[in-house]
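# A look at the structure
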Amino acid sequence: MFDADVASRGLGIELVEAADGAAVARMLVTEAMLNGHAIAHGGFVFLLADTAFALACNSWGPVTVAAGGEISFVRPVRAGDVLTARATERTRYGRSGIYDVTVTRDDGAVVAEFRGRSRTLADRSRADGAPADATAGR
């Protein structure tokens, strides 16, 4: 899944590890990610956390997408900071799951806490909702 994630890879997000409902992803904050206050735009911090969440909930195999997510920003992030997002599965029930992601700076300080809700697609192998063979013959 990560190999096809053009958005995450385009921002320089690195997959550190992913297995059994957990994942770690890392990103260097660049000048291009700063807002008008010279701190990282929250959308980039959210994207890193969301990527770790996606990696964790897809580590089991079936195509799983986000049903929702929320983030609390704890500390500012600046250009040059290396952020690490650690995602952990809290629970899975039926086709749904809940995952927590902690985002830290390279000094170990927590900068954000994210909670994501996942949904595994039923009888699907593509995230666009089309059956796996929907494009056969095109």
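These figures come from a predicted structure and were not determined experimentally. (Residues numbered from 1 in each chain as written. Predicted model: local features only at pLDDT ≥ 70, side-chain atom pairs only at ≥ 80, totals over all residues. Heavy atoms only, no water.)

## Brief notes about helix α2 (residues 42-57)
When the terminal C-alpha atoms of α2 are compared, their 22 Å separation across 16 residues agrees well with the 22 Å that a helix rising 1.5 Å per residue should span. Of all the residues in α2, the buried ones are Val45, Leu48, Ala49, Thr51, Ala52, Phe53, Leu55, Ala56 and Cys57. (Helix = DSSP H or I, 4+ residues; strand = E, 2+ residues; numbered from the N terminus. Expected span 1.5 Å × (residues − 1). Buried < 20%, exposed > 50% of the residue type's maximum accessible area, 1.4 Å probe, protein only.)

## Considering the nonpolar core
With 26 residues, the main nonpolar core has Leu48, Leu83, Val101 and Val103 as its most contacted residues. Elements with a contribution of two residues or more to this core: β2 (22-28), α2, β4 (82-93), β5 (96-104) and β6 (110-120). In terms of residue count, α2 provides more of this core than any other element does, eight residues in total. Apart from the residues within four sequence positions on either side, Val101 is in contact with Ala49, Ala52, Phe53, Ala85, Arg86, Ala87, Ala112, Glu113 and Phe114. (Core = buried A, V, L, I, M, F, W, Y, C linked by side-chain atoms within 4.5 Å. Contact = heavy atoms within 4.5 Å.)

## Observations concerning the pairing of β6
Each regular strand carries side chains that alternate between the two faces of the sheet. Here strand β3 (residues 64-73) pairs with β6 via nine bridges, running antiparallel. Residue Thr64 lies in a different strand from β6, and its bridge partner there is Thr120. The sheet contact formed by β5 and β6 spans nine bridges and is antiparallel. Across the sheet, residue Tyr99 finds its bridge partner in β6, namely Gly116. Counted between consecutive antiparallel strands, the loop separating β5 from β6 contains five residues, among which Gly108 sits at a positive phi close to 90 degrees. (Pairing = 2+ DSSP bridges.)

## A short note on the sheet that holds β3
What holds strands together in a sheet is hydrogen bonding between their backbones, with the strands either parallel or antiparallel. In spatial order, the strands read β1-β2-β4-β5-β6-β3; together these six strands make up an open sheet with antiparallel pairing. Bordering the open sheet on either side are β1 (14-19) and β3, each of which pairs with just one other strand. Going from strand to strand, the sheet's axes swing by 20 degrees on average, the running direction of each strand aside. (Axes fitted to C-alpha atoms, helices over the stretch in contact; angles between N-to-C directions.)

## Digging into the pattern of salt bridges
Counting across every chain of the model gives five salt bridges. For Arg105, the salt bridge goes to Asp107, with nearest N and O atoms at 3.1 Å. Accessibility expressed as a relative area gives 53% for Asp107, which makes it exposed. What emerges from the salt-bridge pattern is a single network uniting Arg90, Asp100 and Arg115. (Salt bridge = Lys/Arg side-chain N within 4 Å of Asp/Glu carboxyl O.)

Note that every value here comes from positions in space, so none of it alone points to a role or purpose.
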